[in-house]
Amino acid sequence: MIRRIAIIGLGTMGPGMAARLARGGLQVTAYDVAPAAIERARTMLGTAEGVLDSLGVAPSSAGAGTVRFTDDIGDAVADADLVIENVPENISVKAEVYRMIDGLISSDTIVASDTSGIPITKLQAHISHPERMVGMHWSNPPHIIPMIEVIGGEKTAPQTVATIRELIRSIGLLPVVVKKDVPGFVENRVFYALLREAVDLVERGVIEPEDLDTCVSWGIGYKIAVIGPMALLDMAGLDIYKSVSSFLNADLSNRDDVAPMVLERTNASKFGIKSGEGMFSYTPEQTKALQADRARKLVAVRRILEGRE
Ligand SMILES: NC(=O)C1=CN([C@@H]2O[C@H](COP(=O)(O)OP(=O)(O)OC[C@H]3O[C@@H](n4cnc5c(N)ncnc54)[C@H](O)[C@@H]3O)[C@@H](O)[C@H]2O)C=CC1
Ligand SMILES: Cc1ncc(C=O)c(C(=O)O)c1O
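Residues numbered from 1 in each chain as written. Chains lettered and ligands numbered in written order. Predicted model: local features only at pLDDT ≥ 70, side-chain atom pairs only at ≥ 80, totals over all residues. Heavy atoms only, no water.

The protein appears in an unreviewed UniProt entry as 5-formyl-3-hydroxy-2-methylpyridine 4-carboxylate 5-dehydrogenase from Mesorhizobium vachelliae.

And the structure:
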C-alpha cells in the first residue's frame, strides 16, 4: 500500500504532481537540488491547489494528504513507499539520482520515473532493484491532465506495474498501461509525430506559428478531445484514410534530427515560457495571465468532458 511519496525534482512538473497526490490523501515530501526551485515550487503548489479546488477535486475520504519540502534527499526518501524521479530528461542526471537514493531506500520501495520517453529498461540498469522500477509518465500540467502512462521495463515485476496502476486509479486519475517499453511510450510518439510535422511546416514557411496553432487547436485538437484517433478513423471512413494516406504519408516530414528552428532557439537559451522566449515571447505578467487563462479553460473543458456541466 502506498502512503508516503517522495518527489525528486521540482521544476515544471513536480509541484503540480505534489499537489494532486496530496489531494488524493498521500503524504508527499518534495526535494530539489536547487534551493531556488524549492522556493518557486512553494508558490506553484499554492496555485495548483487553487486549480484543484476549481476542478472540484475533493480531498480523499480519509482526509487530505500533506506536502513537505526538504533540501535533504535522505530526508525526502526516508520511509517513502514510492519515489518519483522528476529531474531533467538526461540519462546521466537521472542515473546520478538513482545512485544517490539506492542506499537510502528500502528494498521494497518503488522507484518511478516521469521520463518523457527514455526506455525504462535503460533506466533500470542504474538501480539495485530493477524489478521495483517503473515508468509513471504524467502529462503537463500534471494537476489538470488526468491520464498517466504506466510502463514496465524488461526487468519490472508485473506487481510493480499493477501497484502503480492501482495507485493512480485510487486517487481518481486515469492510468494507461503501455505494453511495450518503446522510446517515447505512446503519448509522446503520437505527439512528436504531430510536432515534427508542425515544426517542419512553420520552418518551411507554409504557415505562420500563430496560424499553425489555430489550425491544430480548432481543427484537430478540439475534436480529438472528444473523439480519439481510432474512433476518428471510423468517423471519417477508412476508405478516405486509405486514399489520403496513399499519397500524403510519403510527403510528410521524416527528418530524424532536431530541426534547425529548434536548435537556433535552444542554443540561444530561448526555451519558451521558462526563459521568457521560445516560439513566442512572454513577459512575467503575460505568463501569469496566460497560465491562469489556460488553467481556467482546461478546467472548464474537463468538467464538460466528464459530464459534470
Ligand atoms: N515539461 C513537461 O511538459 C514534461 C516533462 N516530463 C518529464 O519530467 C521530467 C522533469 O521535467 P521538467 O519538470 O519539465 O524539468 P525541469 O527542467 O523544469 O525541472 C527539473 C528539476 O530537477 C532539478 N534537478 C536537477 N538535478 C537534480 C538532482 N540531481 N536532484 C534533484 N533535483 C534535480 C532541477 O533543479 C529542476 O528544478 C523529465 O524527465 C521530463 O522529460 C514529463 C511530462 C511533461
Ligand atoms: C513538448 C512536450 N514534450 C513532452 C511532454 C511530456 O512528456 C509534453 C507534455 O505536454 O506533457 C510536451 O508538451
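What follows continues from the structure just given.
Draft legend 1. Structural detail: the site of ligand 1. Close to ligand 1 lie 24 residues, the nearest being Thr-12, Asp-32, Glu-89, Lys-94 and Ser-116. Residue Asp-32 places a side-chain N or O atom 2.7 Å away from an oxygen atom belonging to ligand 1. At a separation of 2.6 Å, an oxygen atom of ligand 1 approaches a polar side-chain atom of Ser-116. Across the complex, the protein chains shield 80% of the 830 Å² of accessible surface that ligand 1 would expose by itself. With 3 residues, the single largest contributor to the shell around ligand 1 is helix 4 (residues 91-102). Residue classes in the shell around ligand 1 are distributed as 12 nonpolar, 8 polar and 4 charged. (Near = heavy atom within 4 Å. Polar contact = N/O pair within 3.5 Å; in protein donor to acceptor, adjacent residues only side chain to side chain. Areas by Shrake-Rupley, 256 points an atom, 1.4 Å probe, with all protein chains shown as cover. Helix = DSSP H or I, 4+ residues; strand = E, 2+ residues; numbered from the N terminus. Nonpolar A, V, L, I, M, F, W, Y, C, P; charged D, E, K, R; others polar.)

Draft legend 2. Representation of the pattern of salt bridges in the model. Overall, the coordinates contain 16 salt bridges when judged by the stated rule. Between Glu-96 and Arg-99 there is a salt bridge whose closest N-O contact spans 2.8 Å. Taken together, the residues span about one helical turn, with Glu-96 and Arg-99 both in helix 4 at a distance of 3 residues. Taking the relative accessible area as the measure of exposure, Arg-99 reaches 54% and is therefore exposed. For Asp-293, the salt bridge identified is with Arg-296, shortest N-O distance 2.8 Å. (Salt bridge = Lys/Arg side-chain N within 4 Å of Asp/Glu carboxyl O. Buried < 20%, exposed > 50% of the residue type's maximum accessible area, 1.4 Å probe, protein only.)

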